[in-house]
Amino acid sequence: CSGLFSPIHQFYRRMDILGIVMLLISGIASLPGVFLYWFQEKAIELSASMVSTLDILSAVGNFIGLGSTILLCVFGDYLYYRYCVRRIKRIRVNYDDGKAEGYYTALTESGAPSRLRAVIGILANMLMAQFVMRLPLIL
């Protein structure tokens, strides 16, 4: 799920930095294809070298998007495991090495997935897609 539902899955699991990085990677990787489509749709004449460059950049963007999806599918659980271990260590330091009262409550609250963040991730994904699709109109 980590790779297939990226970046929504990362936001759901409270891995906000990785979610933002994956959101930016997907947006940047799709830019050349959007520009190529937009230029062809508007029948704007481009030189052969410009079309070739946009084709290559579009293929590279598709490769980067597919590669990041595959990497998250393979290593997504490990990244989440490492993130949880760091978060547990941080909580343990605040609660006297796990012996103070409220430690388990804080651990439970910190470890629960967030549906609100998943909704925010969906909205951020939609916003990024709209921004990428409208970027040629702005430029």
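Residues numbered from 1 in each chain as written. Predicted model: local features only at pLDDT ≥ 70, side-chain atom pairs only at ≥ 80, totals over all residues. Heavy atoms only, no water.

K.L.:
Which residues make up the pattern of salt bridges, and what values go with them?
P.N.:
Between side chains of opposite charge, pairing is possible as soon as their charged atoms come close. Per the counting criterion, the structure on display carries one salt bridge. A salt bridge links aspartate 16 to arginine 117; the shortest N-O distance between them is 2.4 Å. Of this pair, aspartate 16 sits in helix 2 (residues 16-41) while arginine 117 sits in helix 5 (residues 115-138), placing them 101 residues apart in sequence. Assessed through its relative accessible area of 27%, aspartate 16 is described here as partly exposed. Taking the relative accessible area as the measure of exposure, arginine 117 reaches 28% and is therefore partly exposed. (Salt bridge = Lys/Arg side-chain N within 4 Å of Asp/Glu carboxyl O. Helix = DSSP H or I, 4+ residues; strand = E, 2+ residues; numbered from the N terminus. Buried < 20%, exposed > 50% of the residue type's maximum accessible area, 1.4 Å probe, protein only.)

K.L.:
Before we move on, could you go through the side chain of serine 58 and cite the residues and values that matter?
P.N.:
Within the secondary structure layout, serine 58 lies in helix 3 (residues 48-94). By relative accessible area, which is 14% here, serine 58 ends up buried. Contact partners of serine 58, with chain neighbours within four places excluded, come to Pro32 and Gly33. (Contact = heavy atoms within 4.5 Å.)

K.L.:
I'd like to hear about helix 4 (residues 103-111), residue by residue, with values.
P.N.:
Along helix 4, the residues that are buried comprise Tyr103, Ala106 and Ser110. All buried residues of helix 4 lie within an arc of 65° about the axis, which places them on one face of the element. Projecting away from the buried face of helix 4 at angles above 90 degrees are the exposed residues Tyr104, Thr108 and Glu109. Buried residues belonging to helix 4 abut helix 3. (Arc of directions from axis to C-beta.)

K.L.:
Which residues make up the packing of helix 2 against helix 3, and what are the values?
P.N.:
Across the interface, helix 2 lies against helix 3 with an axial gap of 9 Å and an inter-helix angle of 155°. Accordingly, the angle class assigned to the pair helix 2 and helix 3 is roughly antiparallel. The hand of the helix 2/helix 3 crossing is left-handed. Across the interface between the two elements, Leu18, Met22, Ile25, Ala29, Pro32, Gly33, Phe35, Leu36 and Phe39 of helix 2 pack against Val51, Leu54, Asp55, Leu57, Ser58, Gly61, Asn62, Ile64, Gly65, Ser68, Leu72 and Leu79 of helix 3. Taken together, the residues of the contact of helix 2 with helix 3 break down into 14 nonpolar, six polar and one charged. (Axes fitted to C-alpha atoms, helices over the stretch in contact; angles between N-to-C directions. Parallel < 35°, antiparallel > 145°, perpendicular 65-115°, else oblique. Left-handed = near helix turned anticlockwise from the far one by under 90°. Nonpolar A, V, L, I, M, F, W, Y, C, P; charged D, E, K, R; others polar.)

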